Amino acid sequence: MTLQQEIVGNAMQMAIVNLHPGQTVYCEAGKFLFKTTNVTMETRLSSPSGNGNGNGGGGGGMGGMLRQAMGTAMQVGQRMLAGESLAFQYFTAQGGQGTVGFAGVLPGEMRALELDGRRAWFAEKDAFVAAESSVEFGIAFQGGRTGMSGGEGFVLEKFTGHGTVIIAGAGNFIDLNPADFGGRIEVDTGCVVAFEEGIQYGVQRVGGLNRQGIMNAVFGGEGLSLATLEGDGRVILQSLTIESLANALKKAQGGDKQGPTGGLFSTHAG
C-alpha cells in the first residue's frame, strides 16, 4: 500500500502522512511532530527488518528469540557506532484513517523517495526522517581509507525494500546525474544528501601536495578532500552544509576564530 504523504512548508519543511487503517510508518527518534489520537505510538530498538514480527525468519522457541535478540543488538551497535539514534518510533492507524507529522532537524528541504525493490538508496547520516514499514533501514560503512578521508562519508544510511522513505537536508536540494556531466562530479563532502545504488561514492584529495594544492586546502574552505560521485543514477545535493551553518552561527555570536582562511584552519569541532 503506497504511503500517502505531502511535504509542506518552505524554509523548514514538514511531511504530513495520512495512514490507512492498520498501516504503519516509522521514524528516527526526534523527528516526530504530531499525530491524531487514533494513531498509536510505539518505541522500539529494532528497524522493520528485525522488529520481531515473525517476518525475519528467526523461527520459534528459544533459538529464534536468541537470534532476534542478537540481531537487535547488532543493529543497535551499528547505529551507535554511526552516531545515529538508538531507537525508532512506530505509528499505526487504528479504527480509521490517521495523520502523523514529521520534520528534519535543520532548516531545509525534504524529499520522498520511492523504492521499487530493485535499487537501494544511500543517504548521509541524519538524513532519514520516516518510512513505511516495508522499507528496511540499515547502516553502510565505507572502506577505511575512503571513510577516514571523507569525514561525513564514513557512515551512510541504506534503504532497501519497497515503499516510501522520507529524507531531509539543509538548504535547498538539487538533483543531478553524473552521467549528464561526463560520468563524474566532484562536490564538497558536506553537500551530499543521498544517491541511488549504482553510483560509486569516493573521496579524493584536493590537488596535489604543491603550492596550489595547499592554497586550495587552506584558503579555499574545502579542507583537503572532495567527494566524488560516478556512474548513472540519481544524486541529491544540498546547498547548505552543517559546518558552514555552524561557522555562521559562531560568527554571529562573536565566537568565530576562523577568519578568512577557512579550510584547514576551520574551528568547527564536529
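Right above here is the structure, for reference.
The text that follows walks through the structure, step by step, so that each part is easy to find. Since the structure is predicted, the reported quantities are computational estimates derived from the model, not experimental observations.

### With respect to the overall build of the protein chain
Next up, step 1: Looking only at helices and strands, the protein chain features four helices and 18 strands.
Next up, step 2: Of all 270 residues assigned to the protein chain, the portion counted as buried reaches 44%.
Next up, step 3: As presented, the protein chain carries roughly 13,400 Å² of accessible surface, and 55% of it is formed by carbon and sulfur atoms.

### Thoughts on the sheet that holds strand β1 (residues 4-8)
One key point about sheets: their strands pair by backbone hydrogen bonds, in either a parallel or an antiparallel sense.
Next up, step 1: Judged by pairing direction, the sheet is antiparallel, and its four strands sit side by side in the order β1-β2-β7-β4 without closing on themselves. Each edge of the open sheet is held by one strand with a lone partner, namely β1 and β4 (32-35). Each strand axis lies, on average, 20° off the axis of its neighbour in the sheet, ignoring direction.
Next up, step 2: Inspection of the sheet shows strand β2 (residues 14-19) paired to strand β7 (residues 98-103) by six bridges, in the antiparallel sense. Looking at β7, one finds that M14 is bridged to A103.

### What to know about the packing of aromatic side chains
Next up, step 1: If you walk through the whole model with that rule in mind, you get twelve aromatic pairs.
Next up, step 2: When the centroid spacing of 5.4 Å and the interplanar angle of 20° are considered together, the rings of Y26 and Y90 count as stacked. Placement of Y26 in strand β3 (residues 24-28) and of Y90 in strand β6 (residues 88-93) is noted, with a sequence separation of 64 residues between them. Each member of the pair, Y26 as well as Y90, is classed as buried.
Next up, step 3: Among the aromatic residues, ring-to-ring pairing joins Y26, F88, Y90, F128, F137 and F159 into one connected group.

### Topic: the pattern of salt bridges
Oppositely charged side chains can pair when the atoms bearing their charge come close.
Next up, step 1: Tallied over the full model, the rule gives nine salt bridges.
Next up, step 2: Measuring nitrogen to oxygen at the nearest pair gives 2.9 Å for the salt bridge that ties E196 to R119. With E196 in strand β15 (residues 192-196) and R119 in the loop between β8 (110-116) and β9 (121-124), this pair connects stretches of sequence that are 77 residues apart.
Next up, step 3: By relative accessible area, R119 is classed as partly exposed at 34%.
Next up, step 4: Three or more residues joined by partner-sharing salt bridges are found here, namely E109, R111, D175 and R234.

### Side note on the environment of G95
Next up, step 1: By the element assignment, G95 lies in the loop between β6 and β7.
Next up, step 2: Between the C-alpha atom of G95 and that of N38, which follows or precedes it by 57 residues, the distance is 7.0 Å.

### Focus on a nonpolar patch on the surface
Next up, step 1: A grouping of M14, L33 and F34 is seen on the molecular surface, where their side chains present a nonpolar patch of about 230 Å² in accessible area.
Next up, step 2: Secondary-structure assignment places F34 in strand β4.

### Regarding the nonpolar core
Next up, step 1: Membership of the largest hydrophobic core comes to 21 residues, with the highest contact counts inside it found for Y26, F128, F159, V165 and I167.
Next up, step 2: If you list the elements that add at least two residues to this core, you get β6, β8, β9, β10 (128-132), β11 (135-141), β12 (155-168) and β15.
Next up, step 3: Apart from the residues lying within four places of it in its own chain, the contact partners of V165 are R111, A112, L113, L115, F128, A130, A131, V135 and F159.
Next up, step 4: With 16 residues, the next largest nonpolar core counts V17, L19, V39 and A130 among its residues.

Rules of the game
- Residues numbered from 1 in each chain as written.
- Predicted model: local features only at pLDDT ≥ 70, side-chain atom pairs only at ≥ 80, totals over all residues.
- Heavy atoms only, no water.
- Helix = DSSP H or I, 4+ residues; strand = E, 2+ residues; numbered from the N terminus.
- Buried < 20%, exposed > 50% of the residue type's maximum accessible area, 1.4 Å probe, protein only.
- Areas by Shrake-Rupley, 256 points an atom, 1.4 Å probe, with all protein chains shown as cover.
- Pairing = 2+ DSSP bridges.
- Axes fitted to C-alpha atoms, helices over the stretch in contact; angles between N-to-C directions.
- Phe/Tyr/Trp six-rings, centres within 6.5 Å; stacked < 30°, edge-to-face > 60°.
- Salt bridge = Lys/Arg side-chain N within 4 Å of Asp/Glu carboxyl O.
- Patch = residues over 30% accessible without salt bridge, like charges linked within 9 Å, V, L, I, M, F, W, Y side chains within 5 Å.
- Core = buried A, V, L, I, M, F, W, Y, C linked by side-chain atoms within 4.5 Å.
- Contact = heavy atoms within 4.5 Å.

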